[in-house]
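# Coordinates in review
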Amino acid sequence: MERFAFGSCNHHDDPQPVWANILAYRPSVWAWLGDVVYADHRSTAFVWVPSSLEVMEERFKAQKNRQEYRALTDTVPVIGTWDDHDFGLNNGGKRFMNRSETQQLFLDFLDEPSDSPRRRQEGVYGAWTYGTGDRKVMAILLDVRYGRDDPNSHGGSIMSKEQWDWFEAVLKNSDARVHIIGSGIQVMPNDKAFSEKWGHFPDSRARLIRAMSRVPNPILISGDVHYGELFDVSECTIAMQERPPGYQCTPAERDDHLLHEITSSGLTHSIHSSVPFGLGDMSLLVMNSRYTQAMYSAENFGLVTFEWDAQPPTMHLAVHAANGTRVIHRATPIKQREQVPHRLEAFVRTEPQPPGWVFWPLALWMTLFLGSIFIPVALIMWFIWRRCIRVGGSVVKSKGHAKSKKQ
């Protein structure tokens, strides 16, 4: 394993020049992190409804047969998990009735063998191992849709009991040196107001981080949000939680990174290209988290590069712009198997929970943000409509007047 590439959020009928630039990095594997296609559709501006299974199948096939994408799949192994739109319903969970049918459509897209356990289980989660010995990397892709309870439900979970048991057993039995754990939605930021996140299931999030504290070199990768982002948890993060206010971290604490999360979204559209007047870029000012280290608002893909022969061996975590330029980067040493980040237990135990009131200023800002977009558009449309009515009325009156004069 030399280069692990990943990404999310892809319109099957949009231009897709990004694949040639991904292929130029010669990835060892490509991992989908959800929204391979948008298989549901909007009935109104803010309401999504499922498409028919026939339409969903057509969209998966259309993406699979894209010439640009085929250039990648002909030479690079592809794995993946889904998020809500390729699951079949925006923000959907276990209440979605067609989930077993859409699971088969998604696995068909990935060319999953007919006898694969993923065909028989409830959910598309899976694990893959690459390399051997001290260069073994395990990739685990979680399903945060099939067994998901309603957000913020009392005692609710983001994954089914069966998936939790499977996940914890995989980690317990792993002898890999690096563990890449993929989720369709972000894990670390529990203090963002609007996006879907593991923070809506605090018990599940704490359980996930505790499980990762028992394996060496855990890396989180995620998608969903239509921009790129890097999060870090270091000994400094924990020290700031444990020590009195005003504590100054030592350089050693700042440099001792325990956990990274790298988010890559989207491949064909982004908050930069989808929201006019630069308002999408401006929104990142309030969409970041206390764990955020860097953000990128335009189309992008993710890449984890391994330098095994470096001293010490090093991982490079990066977000690349759609044209291939690296725009976010973090280099971190690959620790030995024995160096397990047990201190993540202390991170979970001492992490402050965001107070409920913090979301109200953000909600007000988002209301003003959306209003600044839709109100001017509505006024312009109303003005055009009024002009059309007046011009149309004038034409009718003129024709009627001319006709009466002839008579």
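Right, let's walk through the structure included here. (Residues numbered from 1 in each chain as written. Predicted model: local features only at pLDDT ≥ 70, side-chain atom pairs only at ≥ 80, totals over all residues. Heavy atoms only, no water.)

## Some words on the nonpolar core
Ranked by internal contacts, the top residues of the largest apolar core, which has 34 residues, are Phe167, Met188, Trp198 and Leu208. Of all the elements in the fold, those that place two or more residues in this core are β7 (137-141), α7 (161-172), α8 (202-212), β10 (228-234), β11 (257-263) and α13 (344-350). Residues Trp30, Trp32, Leu72 and Phe106 belong to the second largest nonpolar core, which totals 27 residues. (Core = buried A, V, L, I, M, F, W, Y, C linked by side-chain atoms within 4.5 Å. Buried < 20%, exposed > 50% of the residue type's maximum accessible area, 1.4 Å probe, protein only. Helix = DSSP H or I, 4+ residues; strand = E, 2+ residues; numbered from the N terminus.)

## A word on the sheet that holds β10
Spatially, β6-β7-β8-β9-β11-β10-β12 is the arrangement adopted by the 7 strands of the open sheet, whose pairing is mixed. A single partner strand is all that each edge strand has here, and the edge strands are β6 (126-130) and β12 (292-296). For this sheet, the mean angle separating the axes of adjacent strands, direction not counted, is 15°. Pairing of β6 with β7, which is carried by 5 bridges, proceeds in the antiparallel orientation. Paired with Ala127 across the strands is Ile140, a residue of β7. (Pairing = 2+ DSSP bridges. Axes fitted to C-alpha atoms, helices over the stretch in contact; angles between N-to-C directions.)

## Points about the side chain of Arg177
Tracing the chain through its elements places Arg177 in the loop between α7 and β8 (178-183). A distance of 3.2 Å separates a polar atom in the side chain of Arg177 from the backbone oxygen of Asp134. If near-sequence neighbours (up to four positions away) are discounted, Arg177 is found in contact with Asp134, Lys136, Pro216, Asn217, Trp308, Pro313, Ile334, Lys335, Gln336 and Arg337. (Polar contact = N/O pair within 3.5 Å; in protein donor to acceptor, adjacent residues only side chain to side chain. Contact = heavy atoms within 4.5 Å.)

## Quick word on helix α9 (residues 235-242)
Every α-helix winds through 3.6 residues per turn, so residues three or four apart in the chain are directed the same way. Across the 8 residues that make up α9, a large majority, 6, are buried. For α9, every residue scored as buried is listed here: Glu235, Cys236, Thr237, Ile238, Ala239 and Gln241. Its side-chain oxygen 3.1 Å from the backbone nitrogen of Cys236, Ser234 forms the N-cap of α9.

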